[in-house]
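Fold and geometry: a report
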Amino acid sequence: MSDIKLKRKSIRVVTGPMASGKTKVFENLLNRAYIANQPVLSFTSTKDSDAKRRTIKSRDGDYVPIDYEIDSLDHLIKHVEDYLRPIEKEYTQLTAELITNPKSKKLKTKLSVVKRKMNLVVLADEVQFYDQGTEYLTIRKYLKKIIEISLKGPQFIFFGLNLTHELYVYKIVCLLAGISDEFIIRTALCEWCGKEGAKYSKKIKDVVGSYDAGKDKYFPACDKCYYNPKMDFPFLQKRWKKTKKRKKCKVI
Ligand SMILES: [Zn+2]
């Protein structure tokens, strides 16, 4: 949370590898919005395998689920516009009524409530999966729309991976960074040496044994350990045995 500044920003992008705490920041912001009774719309990707489990505990003990699972910024924009449409209509009506009746306290109170509803917080997780096959020119239209919406009051905070394990950038994350007021790259601790500064993940192929046989695993790695072939899975297992902190292989 410490690197999320509290000053008002309209569009923010938080990236980093797995295990860099992005989801924790996402959940904290979501929880904070609920506690403050601030309107919030939360999104994740349809490809997010953790989406079903991903719920946060609100102040009164209820579990608050993610609002929508989507696969395009287009869907996100539609949901935000659906939310805003009736509020904008109410806002226009109230301001018109205030012109004919400028001293009405009742109208002024109503207007302040409507303005508060406009301060929507849009939280979107796993954005690296959004619009994977969408053409740049189409994405450009979505980005323009997001800027236009943000000018009306809503804030957008996007969370996603910065790089693939092959060190390719995720197009959508870069494009969102281009329109953002704040762009944060979080780092993780290297799974091999434990040092701070892992910006991407190393792929371990076909992990066998007691570790979910046949599936590839990804672990955050620093620059040195990423390129060091000795830093393989048996090395990790030895390290876990020594530290005894990790009871079993957990994919984050
Ligand atoms: Zn390392």
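Residues numbered from 1 in each chain as written. Predicted model: local features only at pLDDT ≥ 70, side-chain atom pairs only at ≥ 80, totals over all residues.

Quick notes on the overall build of the protein chain
To be explicit about the condition: Put simply, DSSP marks the helices as runs of H or I at least four residues long and the strands as runs of E at least two long, and each gets a number from the N terminus on. Buried means a residue has 20 or more other C-beta atoms within 10 Å of its own C-beta, exposed means 12 or fewer, and partly exposed covers the counts in between; C-beta atoms are placed from the backbone.
A tally of regular secondary structure across the protein chain gives seven helices and twelve strands. Counting over 252 residues, the protein chain shows a buried share of 27%.

Re the sheet that holds strand β6 (residues 121–124)
Note the following rule: Two strands are counted as paired when DSSP detects at least two bridges linking them. An axis is simply a line fitted to the C-alpha atoms; with a helix, the fit covers only the stretch in contact. Between two such axes, the angle follows the N-to-C directions and lies from 0 to 180 degrees.
A sheet is described by the order of its strands in space; here six strands give the open sequence β5-β2-β6-β7-β1-β8, paired in parallel fashion. Of all strands in the sheet, those with a lone pairing partner are β5 (68–70) and β8 (182–185), marking the two edges. Put simply, the sheet's adjacent strands are angled 15 degrees from each other on average, direction ignored. In this structure, β6 lies alongside strand β7 (residues 155–160), joined through four bridges in parallel fashion.

Examining the pairing of strand β1 (residues 11–15)
Counting buried residues in β1 gives five out of five residues, a clear majority hidden from the surface. Residues I11, V13 and T15 line one face of β1 and the alternating positions R12 and V14 line the opposite face, and both faces are buried.

Points about helix α1 (residues 22–35)
This is how it is decided: To estimate the expected span of a helix, subtract one from its residue number and multiply by 1.5 Å. As used here, the arc is the angular range of directions from the helix axis to the C-beta atoms.
Taking 1.5 Å per residue, 14 residues should reach 20 Å; α1 reaches 20 Å between its end C-alpha atoms and fits that length. Buried within α1 we find K22, V25, F26, L29 and L30. Buried positions in α1, seen along its axis, are confined to an arc of 135 degrees and lie on one side of it. In this structure, α1 carries K24 and I35 as exposed residues pointing more than 90 degrees from its buried face. N37 sits one or two positions beyond α1 and adopts a positive phi of about 60 degrees.

Things to note about the nonpolar core
Just so we agree on the cut-off: Nonpolar cores are identified as sets of buried Ala, Val, Leu, Ile, Met, Phe, Trp, Tyr and Cys residues joined via C-beta atoms within 7 Å. Residue pairs are scored as contacts if the distance between their C-beta atoms, which are placed from the backbone, is within 7 Å.
One finds F43, V122, L123, A124, V127, F158 and L176 to be the most contacted residues of the largest nonpolar core, which totals 32 residues. Put simply, the parts of the chain that give this core at least two residues each are β1, α1, β2 (40–45), α2 (73–100), β6, α4 (136–150), β7 and α5 (171–179). Contacts of L123, omitting those with residues within four sequence positions, involve F26, L29, L30, V40, S42, F43 and I157. Within the second largest apolar cluster, twelve residues are counted, among which are C190, A198, C225 and L236.

Considerations on the packing of α2 against α4
Note the following rule: In this scheme, roughly parallel covers angles under 35 degrees and roughly antiparallel covers those over 145, while 65 to 115 is roughly perpendicular and the rest are oblique. A clockwise turn of the near helix away from the far one marks a right-handed crossing, whereas an anticlockwise turn of less than a right angle marks a left-handed crossing.
For the pair α2 and α4, interaxial distance at closest approach is 10 Å and the crossing angle is 30 degrees. In terms of their interaxial angle, α2 and α4 are classed as roughly parallel. In this structure, α2 meets α4 at a crossing whose hand is left-handed. Contacts between α2 and α4 involve L73, D74, I77 and V80 from the former and I139, Y142, K145, I146 and I149 from the latter.

A short note on the packing of α2 against helix α3 (residues 105–118)
Heads up, the rule is: Under the scheme applied here, ten amino acids are nonpolar (Ala, Val, Leu, Ile, Met, Phe, Trp, Tyr, Cys and Pro), four are charged (Asp, Glu, Lys and Arg), and all others, including Gly, are polar.
Axis separation between α2 and α3 bottoms out at 10 Å; the angle between their running directions is 155 degrees. Comparing the axis directions of α2 and α3 gives the class roughly antiparallel. Like other packed secondary-structure pairs, α2 and α3 cross with a definite hand, here left-handed. Note on element contacts: α3 touches α2 through L107, K110, L111, V114, K117 and M118, opposite I87, E90, Y91, L94, E97 and L98. In the contact of α2 with α3, the residues fall into eight nonpolar, no polar and four charged.

Quick word on the environment of H79
Along the polypeptide, H79 turns up in helix α2. Overall, the presence of 15 C-beta atoms within 10 Å leaves H79 in the partly exposed class. Measuring from C-alpha to C-alpha, the distance between H79 and D67 comes to 9.9 Å, with twelve residues separating the pair along the chain.

Things to note about the environment of K115
Position of K115 relative to the elements: it lies in helix α3. Along the sequence, K115 and Y91 sit 24 residues apart, while their C-alpha atoms lie 7.6 Å from each other.

Describing unusual backbone geometry
Excluding glycine, most residues fall at negative phi; most peptide bonds, likewise, are trans. We note that A19 has phi near 65 degrees; this positive angle belongs to a residue other than glycine. The residue A19 is located in the loop between β1 and α1 in this model. The buried category is assigned to A19, around which 21 C-beta atoms lie within 10 Å.

Quick look at the confidence of the model for the protein chain
Stated formally: Across the chain, each position has a pLDDT score giving the predictor's confidence in that residue, from 0 to 100.
A residue-level look at the protein chain finds 83% of positions with pLDDT of 70 or above and a mean pLDDT of 85. Predicted confidence for residues 1–6 stays below pLDDT 50, and this span has five contacts to residues more than four positions away or in other chains. In this model residues 209–214 is a low-confidence stretch, pLDDT under 50, and it forms four contacts with partners more than four residues away in sequence or in other chains.

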